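Reading the structure
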Amino acid sequence: MSDTKAVNTTEEDIILKVEGLKKDFDDKHVLNGIDLTVKRGDIICVIGPSGSGKSTFLRCLNCMEDPTAGHIMFDGEDLADMSVDINVHRQNMGMVFQHFNLFNNKTVVQNIMLAPVHTGKKAFRKLKEKSGYKSVAEIKEKAQKEAMELLKRIGLEEKADVYPSTLSGGQKQRVAIVRALAMKPKVILFDEPTSALDPEMVGEVLDLMRDVAKEGMTMIIVTHEMGFAREVANRVLFIDEGKILESGEPAEFFGNPRNARLKDFLSKVL
Amino acid sequence: MGDFAQKWDRFLKYFIEYGGYKRVQEGLKNTLIIAVLGLLFGILIGTLIAAVRVMPKYKRLPRILNGFCSFYVGFFRGTPMVVQLLLFYYVLLPIIGVKISSVQVSVLVFSLNSGAYISEMMRAGIQSVDPGQMEAGRAVGLSFGATMTMIVIPQAIKNILPTLGNEFIALIKETSVVSFVGASDLYVAFNYIGSNSYEFMVPYIVMAMIYIVMVVIITILIKLTEHYFAKSDRRK
């Protein structure tokens with residue numbers, strides 16, 4: 001399914017281009033050829049019944065699952081090619097999980113600082129002064145300062161030194177989102193970010209995501225929150241049986257669905 | 001009981017006046033050196049092996065390493081410690097021409113042996129950590145190794161602390177076989193006192209007590225460590 005506004009798109013605007021993506025688990029075909037072009041600032045919501053392959057699709061984008069076939073063009077390289085250094089690209093492609101997955105053995109602020117400090121140190125060891133840092137201490141200081149700013153933004157700065165086990169689900173997910181932001185990625189992938197939350201905590205997480213979207217972050221969101229998708233997304237995809245069956249702007253997508261299976265799905269969830 | 005008092009006096013005489021305590025000191029030192037170093041190196045070796053065993057296997061090198069690790073674990077779990085000591089001291093080291101003391105050989109064999117056992121504990125520990133922790137580490141761009149060392153292994157160690165304590169206790173007690181290669185441990189020291197005084201009852205009772213005291217102390221230390229590691233579970 002091609003991009004609806006492909007005509008006006010210049011090459012530089014395209015941040016991620018997926019072509020013919022396939023994924024098999026043994027002899028089970030989960031993804032059967034997915035094409036997608038993502039532009040800078042796109043908010044793409046992916047919906048579909050459970051078992052449709054939407055989570056697998058998202059996890060293939062940063063090679064959490066290795067694609068069986070197809071191409072994922074990102075930063076001028078094909079991530080589906082196994083010889084690519086995936087760790088470098090993942091630093092530019094954040095991910096937020098359904099079950100938060102905060103590091104249990106690290107405090108909240110350490111959770112946010114960990115990756116920036118680690119990659120900063122690595123760059124420092126390799127490039128020394130050319131990395132823009134004078135010392136390892138400076139890298140830590142900067143990461144800590146940025147982490148505290150992010151925590152302030154979500155109103156959790158007083159939780160900086162506690163362990164994740166003391167946080168509520170909504171707080172955990174908000175920390176997980178700013179942990180992804182701390183790496184200043186180009187894209188953030190959200191894998192059902194509100195599905196494991198108590199209903200009264202869904203709102204705070206969606207508010208933060210809305211906020212991040214407003215800043216122009218490119219986001220691909222697998223979700224069951226139809227209201228959110230309709231309000232925030234500039235494009236909605238419907239995936240079933242490993243294929244994109246319909247894609248379009250939310251008003252058209254929800255107001256006037258064409259695909260029979262999408263109609264059926266929407267009648268059940270709306 | 002008069003008989004026992006007599007034996008006790010005789011033991012004290014040999015223990016203090018004839019310098020038996022020096023041998024006991026030496027034996028205790030060797031026992032602790034072998035058990036503690038065996039445990040520490042064992043944790044190191046065991047962790048490395050466990051990490052190799054849970055590595056993704058689609059590349060060639062992890063598969064070769066994995067094969068080597070299976071062989072290693074199979075050998076050290078498949079033969080008694082005494083046999084390993086004898087093999088190293090009288091066969092392997094002379095063949096490759098390395099000359100080291102019997103205590104050093106014991107440290108080596110205890111490390112390799114406990115490494116094999118700890119690798120299996122550690123593997124269970126690593127597998128008990130939520131796979132989401134590894135995924136989250138990889139998702140922010142950390143390598144498999146970095147995520148393992150900073151995130152997964154610390155949590156795995158916390159999960160297996162009680163079993164690790166068990167292994168340490170087992171090691172302490174198993175040091176009593178190092179006399180097979182001529183290392184003097186607690187058993188050698190008390191046996192020496194016994195054979196000189198022609199009286200074995202008291203020395204062996206005292207020896208047993210020393211082992212028990214060591215194990216009790218270790219048990220307390222393990223409890224304290226568990227408490228320390230549990231800080232990330234506590235609610236504030």
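It should be emphasised that the depicted structure is a prediction, and the values quoted were computed from it without experimental measurement.

Once that is clear, we can look at the overall build of chain B. When you go through chain B residue by residue, the secondary structure sums to nine helices and zero strands. Taken from N to C terminus, the helices and strands of chain B fall in the order α-α-α-α-α-α-α-α-α. Counting only C-alpha atoms, chain B reaches 75 × 55 × 25 Å along its principal axes. The buried share of chain B, taken over its 236 residues, is 44%. Considering only contacts within chain B whose residues lie at least 6 apart along the sequence, 75% involve residues at least 24 apart. Taken as a whole, chain B presents about 12400 Å² of accessible surface, with 68% of it coming from carbon and sulfur.

Let us now look at the pattern of salt bridges. Applying the stated rule across the entire model yields 20 salt bridges over all chains. Residues Lys29(B) and Glu26(B) are paired through a salt bridge, measuring 3.9 Å at the closest nitrogen-oxygen approach. Placement of both Lys29(B) and Glu26(B) in helix 2 (residues 20–54) is noted, with a separation of three residues, approximately one turn of the helix. Overall, Lys29(B) belongs to the partly exposed group, its relative accessible area being 45%. Under the relative-accessibility criterion, Glu26(B) is labelled partly exposed at 35%. Look at the salt bridges and you will find they share partners, linking Arg59(A), Glu65(A) and Glu135(B) into a network.

In this section: the pairing of strand 3 (residues 43–47) of chain A. Sheet faces and side chains relate simply in a regular strand, where the side chains alternate between the two faces. Residues and elements named next belong to chain A. In terms of burial, strand 3 is a largely internal element, five of the five residues being buried. Side-chain alternation along strand 3 places Ile 43, Cys 45 and Ile 47 on one buried face and Ile 44 and Val 46 on a second face that is also buried. One ladder, built from four bridges, connects strand 3 with strand 8 (residues 218–222); its direction is parallel. Directly across from Ile 43, in strand 8, lies its bridge partner Met 219. As judged from the four bridges shared by strand 3 and strand 9 (residues 235–240), these two strands associate in the parallel manner. Across the sheet, the residue bridging to Ile 44 is Arg 235, located in strand 9.

Each partner contributes residues to the interface: chain A has 28 residues there, and chain B has 24 residues. Here chain A and chain B share an interface that buries about 2200 Å² over both sides, 56% of which is from carbon and sulfur atoms. The largest share of the area that chain A buries against chain B comes from Phe103(A), Asn105(A) and Tyr163(A), three residues that together contribute 21% of it. Counting across the interface, chain A meets chain B through one salt bridge. Of the charged contacts, one joins Arg59(A) and Glu135(B) as a salt bridge, the two residues approaching to 2.7 Å between their closest N and O atoms. Counting across the interface, chain A meets chain B through eight residue pairs in polar contact (both at pLDDT 80 or more). Among the elements of the structure, helix 2 (86–90), strand 6 (93–96) and helix 3 (108–127) of chain A are those that each provide at least two residues to the side of chain A that touches chain B.

Glancing now at a nonpolar patch on the surface. All names here are of chain B. On the surface, Val 83, Leu 86, Leu 87, Tyr 90, Val 91, Leu 92, Ile 95, Ile 96, Val 98 and Phe 180 cluster together to form a nonpolar patch covering roughly 870 Å² of accessible area. Position of Val 91 among the secondary structure elements: in helix 4 (residues 81–96). The class of Val 91 is partly exposed, set by a relative accessible area of 37%.

With that settled, the discussion passes to the sheet that holds strand 2 (residues 28–39) of chain A. All names here are of chain A. Reading across from one edge, 2-1-4-5 is the order of the four strands in this open sheet, with antiparallel pairing throughout. Edge strands, defined here as strands with exactly one partner in the open sheet, are strand 2 and strand 5 (77–78). By the bridge criterion, two bridges tie strand 4 (residues 69–74) to strand 5 in an arrangement that is antiparallel. Each residue of the ladder has a partner; that of Phe 74, found in strand 5, is Glu 77. Where helix 1 (residues 54–61) meets the sheet, its contacts fall on strand 1 (14–25), strand 2 and strand 4, and the angle it forms with strand 1 comes to roughly 120 degrees.

Turning our attention to unusual backbone geometry. Glycine aside, a negative phi is what most residues show, and trans is what most peptide bonds show. One non-glycine residue with positive phi stands out, namely Glu241(A), at about 50 degrees. Position of Glu241(A) relative to the elements: it lies in the loop between strand 9 and strand 10 (243–248). A relative accessible area of 54% means that Glu241(A) is categorised as exposed. With a phi angle near 55 degrees, Tyr198(B) is a residue other than glycine that sits in the positive phi range. With respect to the helices, strands and loops of the structure, Tyr198(B) is situated in the loop between helix 8 (186–197) and helix 9 (201–229). Assessed through its relative accessible area of 72%, Tyr198(B) is described here as exposed.

Bringing helix 8 of chain B into the picture now. Look at helix 8 of chain B: 17 Å from first C-alpha to last across 12 residues, which is about the 16 Å you get at 1.5 Å a residue. Positive phi appears at Tyr198(B), one or two residues downstream of helix 8 of chain B, with a value of about 55 degrees.

Moving on to the nonpolar core. For soluble globular proteins, the rule of thumb is that nonpolar side chains tend to be buried together. Core analysis: the largest hydrophobic core is formed by 99 residues, its most contacted members being Leu16(A), Phe57(A) and Ile220(A). Of the residues forming this core, the biggest block, 13 residues, is contributed by helix 7 (residues 144–174) of chain B. Look past the residues within four positions of Leu16(A) in its chain and what remains in contact with it is Leu36(A), Thr37(A), Val38(A), Leu61(A), Ile72(A), Met73(A), Phe74(A), Met93(A) and Ile220(A). Residues Ile43(A), Ala147(A), Phe253(A) and Leu262(A) belong to the second largest nonpolar core, which totals 53 residues.

Definitions and cut-offs
Residues numbered from 1 in each chain as written. Chains lettered and ligands numbered in written order. Predicted model: local features only at pLDDT ≥ 70, side-chain atom pairs only at ≥ 80, totals over all residues. Heavy atoms only, no water. Helix = DSSP H or I, 4+ residues; strand = E, 2+ residues; numbered from the N terminus. Buried < 20%, exposed > 50% of the residue type's maximum accessible area, 1.4 Å probe, protein only. Contact = heavy atoms within 4.5 Å. Areas by Shrake-Rupley, 256 points an atom, 1.4 Å probe, with all protein chains shown as cover. Salt bridge = Lys/Arg side-chain N within 4 Å of Asp/Glu carboxyl O. Pairing = 2+ DSSP bridges. Buried area = accessible area lost by both parts, 1.4 Å probe. Polar contact = N/O pair within 3.5 Å; in protein donor to acceptor, adjacent residues only side chain to side chain. Patch = residues over 30% accessible without salt bridge, like charges linked within 9 Å, V, L, I, M, F, W, Y side chains within 5 Å. Axes fitted to C-alpha atoms, helices over the stretch in contact; angles between N-to-C directions. Expected span 1.5 Å × (residues − 1). Core = buried A, V, L, I, M, F, W, Y, C linked by side-chain atoms within 4.5 Å.

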